[in-house]
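# Fold and contact review
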Amino acid sequence: MALVEHMNTETRRSAQRIVGALAKSIRERDRITYEHSRRVATYAQRLARSMGWPRKLAYDLALSALVHDLGKTWIENEVLHKESALSTQERTLMERHPQIGARILEMYGAPRLIVEAVLHHHEAFDGRGYPDRLTGDTIPIAARLLSVADTFDALTSERPYKAALDCQQAAAHIQSSAGTYFDPWVVAAFLALLESWPDFLVPRHAAPLPPEPAARPNIWSHDDLAG
Ligand SMILES: [Fe+2]
């Protein structure tokens, strides 16, 4: 398994500032992506905590999730907001978003954990993902967690071209891709988490998240970026 790099306090503060500014730029450009990213941040953080990640490291993963689709802000509107199927050329363009996002984060001096999570969040466990067609454990662990959280939110969100699935339907979908698209170990942890957590879905609005329920792992809140 790829090792997860720990950030020191100064690096984490700098990452917070960078991600906070870039998340605001996503909010200005594309509200849907911004709100999706906030929910993914919460799901990814819960998942990491349930897998035994230390609180600060789970928070770093949440920061990565907030900007995982940053590269989409550089994709033209006709492609970004297209409601019908994308052409091959448009799909190729869309599939550049992890590299664009990672490059921007690198330019701003974001920590490696965040850059790598963003760069590899569309890799597939069997090597059929993008951009680098990495396989299995060669995919950074942060990206493997992010991928499950990202897909879960996409499945449980309504889009102009599809209805939202409920938690059970989304869980079944994710389970069916364990070992092909997703790391089976991460999927098992996510399904156990879903099973143990009634009302797992994050509310669909932009207000700060409710306070952390007792005896639950920390929930990331946008307020964490304010200071
Ligand atoms: Fe993405």
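Residues numbered from 1 in each chain as written. Predicted model: local features only at pLDDT ≥ 70, side-chain atom pairs only at ≥ 80, totals over all residues.

## A closer look at the overall build of the protein chain
- From N to C terminus, the protein chain includes ten helices and zero strands.
- Seen in sequence order, the protein chain has helices and strands lined up from the N terminus as α-α-α-α-α-α-α-α-α-α.
- Intrachain contacts of the protein chain at a sequence separation of at least 6 include 65% that bridge at least 24 residues. (Helix = DSSP H or I, 4+ residues; strand = E, 2+ residues; numbered from the N terminus. Contact = placed C-beta atoms within 7 Å.)

## As for the confidence of the model for the protein chain
- Confidence along the protein chain averages 89 in pLDDT terms, with 87% of residues attaining 70 or more.
- Across residues 207-224, confidence stays below pLDDT 50; counting only partners more than four residues off in sequence or on other chains, it has 25 contacts. (pLDDT = per-residue confidence, 0-100.)

## Here's the deal with the nonpolar core
- Counting 52 residues, the largest nonpolar core has Ala 44, Leu 61, Leu 145, Val 148 and Ala 149 as its most contacted members.
- Elements that contribute at least two residues to this core include exactly helix H1 (9-29), helix H2 (31-50), helix H3 (55-66), helix H6 (97-107), helix H7 (112-119), helix H8 (141-155), helix H9 (167-176) and helix H10 (184-196).
- Here Ala 149 is in contact with Val 40, Tyr 43, Ala 44, Leu 47 and Ala 65, once residues within four sequence places are set aside. (Core = buried A, V, L, I, M, F, W, Y, C linked by C-beta atoms within 7 Å. Buried ≥ 20, exposed ≤ 12 C-beta atoms within 10 Å, placed from the backbone.)

## Remarks on the packing of H6 against H7
- Viewed as axis vectors pointing N to C, H6 and H7 meet at an angle of 165°, and their least axial separation amounts to 8 Å. Looking at the two axes, H6 sits roughly antiparallel to H7. Note on packing geometry: the crossing formed by H6 with H7 is right-handed. For the pair H6 and H7, the contacting residues are Pro 98, Gln 99, Gly 101, Ala 102, Leu 105 and Glu 106 in the first and Ile 114, Val 115, Val 118 and Leu 119 in the second.
- Among the residues forming the contact of H6 with H7, the class breakdown is seven nonpolar, two polar and one charged. (Axes fitted to C-alpha atoms, helices over the stretch in contact; angles between N-to-C directions. Parallel < 35°, antiparallel > 145°, perpendicular 65-115°, else oblique. Left-handed = near helix turned anticlockwise from the far one by under 90°. Nonpolar A, V, L, I, M, F, W, Y, C, P; charged D, E, K, R; others polar.)

## Here's the deal with the environment of Phe 182
- Among the structural elements, Phe 182 can be located in the loop between H9 and H10.
- Considered as a pair, Phe 182 and Gly 136 are 46 residues apart in the sequence and their alpha carbons are 8.7 Å apart.

## Thoughts on unusual backbone geometry
- Note that the residue after Tyr 130, namely Pro 131, is joined by a cis bond; omega there is 10°.
- Residue placement: Pro 131 occurs in the loop between H7 and H8.
- With phi around 50°, Arg 133 is a residue other than glycine that occupies positive phi space.
- Along the chain, the position of Arg 133 falls in the loop between H7 and H8.

## Focus on the packing of H2 against H10
- Where H2 meets H10, the closest approach of the two axes is 10 Å, and the angle between their N-to-C directions is 100°. On the basis of the axis angle, H2 is roughly perpendicular to H10. Each of Arg 46, Leu 47 and Ser 50 in H2 lies in contact with H10, whose residues at this interface are Ala 189, Phe 190 and Leu 193.
- Taken together, the residues of the contact of H2 with H10 break down into four nonpolar, one polar and one charged.

## Observations regarding H10
- With 13 residues, H10 should reach 18 Å at 1.5 Å per residue; the first-to-last C-alpha distance of 18 Å fits that figure.
- All of the buried residues in H10 are Val 186, Val 187, Phe 190 and Leu 194. One side of H10 holds all its buried residues, which, seen down the axis, span an arc of 100°. The outward face of H10, more than 90 degrees from its buried face, is lined by the exposed residues Ala 192, Glu 195 and Ser 196.
- Buried-residue contacts for H10 involve H2, H8 and H9. (Expected span 1.5 Å × (residues − 1). Arc of directions from axis to C-beta.)

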